[in-house]
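Survey of secondary and tertiary structure
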Amino acid sequence: MLVVVSQAERVKAVHSSIHTTTNIHIPTHSHHPLTPLKRMTSCRAVFHNFVDVFIDYINAGGHVWRRGPYRDDMSTAQVPKAKRLVAIGDLHGDFEKSILQFKVAGLINDKGDWIGKDTVCVQVGDVLDRGDDEIKLMLWLEKLKHEAAAAGGALHVINGNHETLTVQGRFRYATRGSRQRFDEWLKWYEIGRRLKALCQRGEPHPLQPVPDSVPEKWRSRFVAMRPGGPLATRFIGGQRTVLAVGKTLFVHGGILPQHLDIGLDRINKETQAWIMGRPGSHMPDYLKYRDAVVWARDYSDEEKPDCELLRKVLARAGFSRMVVGHTIQTGINAACDGMVIRVDVGSSRGCTDGSPQVLEILNDKHLNVLRMEAKKASKTAAA
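The structure reproduced in this document is the subject of the present report.

Analysis parameters
Residues numbered from 1 in each chain as written. Predicted model: local features only at pLDDT ≥ 70, side-chain atom pairs only at ≥ 80, totals over all residues. Heavy atoms only, no water. Helix = DSSP H or I, 4+ residues; strand = E, 2+ residues; numbered from the N terminus. Buried < 20%, exposed > 50% of the residue type's maximum accessible area, 1.4 Å probe, protein only. Contact = heavy atoms within 4.5 Å. Core = buried A, V, L, I, M, F, W, Y, C linked by side-chain atoms within 4.5 Å. Axes fitted to C-alpha atoms, helices over the stretch in contact; angles between N-to-C directions. Parallel < 35°, antiparallel > 145°, perpendicular 65-115°, else oblique. Left-handed = near helix turned anticlockwise from the far one by under 90°. Expected span 1.5 Å × (residues − 1). Salt bridge = Lys/Arg side-chain N within 4 Å of Asp/Glu carboxyl O. Pairing = 2+ DSSP bridges.

On a plain count of helices and strands, the protein comes out with eleven helices and twelve strands. The burial tally for the protein puts 53% of its 383 residues in the buried class. Sequence separation of at least 24 residues holds for 73% of the intrachain contacts in the protein that already meet a minimum separation of 6.

Written out as structure tokens, the structure reads:
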């Protein structure tokens, strides 16, 4: 049964607000004198870190969010069940609406810091495209991943079709504002590289050449997000493409029988290898075309989902339900006797500017929809 609950009721029931602070560690001199080489290495590390923090500060719009890359465990596509599990749909480059989504879930405070305690949250992909704030959004999500882990919870962001499109170099859904943000990022990235080179007393290593086929207006986005690119490796390469939490299977598009033949762990590892630009890697076929794990709509069609196919896939894989994004719904809803939950509500203003809603699963079995507009707690069983 899928139940609709107000955000205020759930937040009150789950936790009270927590004031969080960020501790900044400032290295001090050792009691033992450093050799010149060690002193130079220590100076270089501190200076490089300062440059990275400063550039992140600019790209984050004046926020100090530097935490460093967060890597999911690619050795397994499954993690244990959670007492409280939250699913959030496509974000599409809209930072302000993303903040609202996480607030509806009771996961952040007014400062944008994690207060979700041991909640496990899965964002089902498509952080990129259709909005201007992609870099800022990725930096913020990286920060939340570290904060959630420190609190005993977790934030898992999985890759969607717009992540794979971007790494492919297909930018048709990128906005003009986003293009300007990436141009600004590349400018400061180049400055940072040259500053670091000064510390090393040499010229920075040149960036890999950009193919002539890439239009000039997309050069900065291509440099950042191509396989092995600085932002692709930092943000996208460390994320799974398929994730199971307890009995719930999360994927952006849908898992089909041929994907089970390949193996969920293999899908995650090979996708990561391609995004990270590892030697010999390439874009797997199961990320392409209409039946890809990030493109399939077999279960998200509101009128004719393929329930029999879904039943076979879940039975074979050993899960109770699948949670998908990718296809905009009029509201979070269940289909096929609760075997699939569709959570993409088009929240981004680059899509339909839908009202924020999130899915909550308690103890791996009780499902609720949390909505922002609810003034009073209401519980409505979904069909």
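The discussion continues.
Turning our attention to the nonpolar core. Soluble globular proteins: nonpolar side chains tend toward being buried together. In this structure, Phe102, Trp140, Ile255 and Met322 are the most contacted members of the largest nonpolar core, which totals 70 residues. Here this core takes eight residues from helix H4 (residues 134-150), the largest share from any one element. The next biggest cluster of nonpolar side chains, apart from the first, holds 24 residues, and it includes Ile332, Ile341, Val343 and Leu367.

Put simply, helix H3 (residues 95-104) and H4 touch, their axes get as near as 10 Å, and they point 25° apart. Here H3 lies roughly parallel to H4, going by the angle between them. Crossing angle aside, the handedness with which H3 passes H4 is right-handed. Contacts between H3 and H4 pair Phe95, Ser98, Ile99 and Phe102 from the former with Lys136, Leu137, Trp140, Leu141 and Leu144 from the latter.

What follows covers helix H10 (residues 264-275). What sets the pattern is the α-helix's 3.6 residues per turn: residues three or four places apart point alike. For H10, which comprises twelve residues, the first-to-last C-alpha distance of 17 Å matches the rise-based estimate of 16 Å (1.5 Å per residue) to within 8%. When H10 is considered as a whole, its buried residues turn out to be Leu264, Ile267, Asn268, Thr271, Gln272, Ala273, Trp274 and Ile275. Elements that come into contact with the buried residues of H10 comprise helix H5 (161-168), helix H8 (230-236), strand E6 (242-245), strand E7 (248-251) and helix H9 (257-262). A positive backbone phi angle near 70° is found at Gly277, which sits one or two residues after H10.

When the charged atoms of two side chains with opposite charge come close together, those side chains can pair. Counted by the stated rule, this structure contains 21 salt bridges. Where Lys97 meets Asp353, a salt bridge forms, and the shortest distance between an N and an O atom there is 2.7 Å. In this pair, Lys97 sits in helix H3 while Asp353 sits in the loop between strand E10 (340-342) and strand E11 (357-362), placing the two residues 256 residues apart along the sequence. Take Lys97: its relative accessible area is 8%, and that puts it in the buried class.

A separate point is unusual backbone geometry. In this structure, Asp337 takes a positive phi of about 55° despite not being glycine. Along the chain, Asp337 falls in the loop between strand E9 (333-335) and E10. Accessibility expressed as a relative area gives 76% for Asp337, which makes it exposed.

What follows is about the pairing of E6. Burial of E6 is two-sided: the residues Val242 and Ala244 facing one way and the residues Leu243 and Val245 facing the other way are all buried. Looking at chain direction, strand E2 (residues 78-79) and E6 are connected through two bridges and run parallel. Note that in E6 the partner of Val79 across the bridge is Val245. Bridge count between E6 and E7: four bridges; the pairing is antiparallel. Across the sheet, residue Leu243 finds its bridge partner in E7, namely Phe250. Linking two consecutive strands that pair antiparallel, namely E6 and E7, is a turn of two residues; a positive phi of about 60° is found at Gly246 within it.

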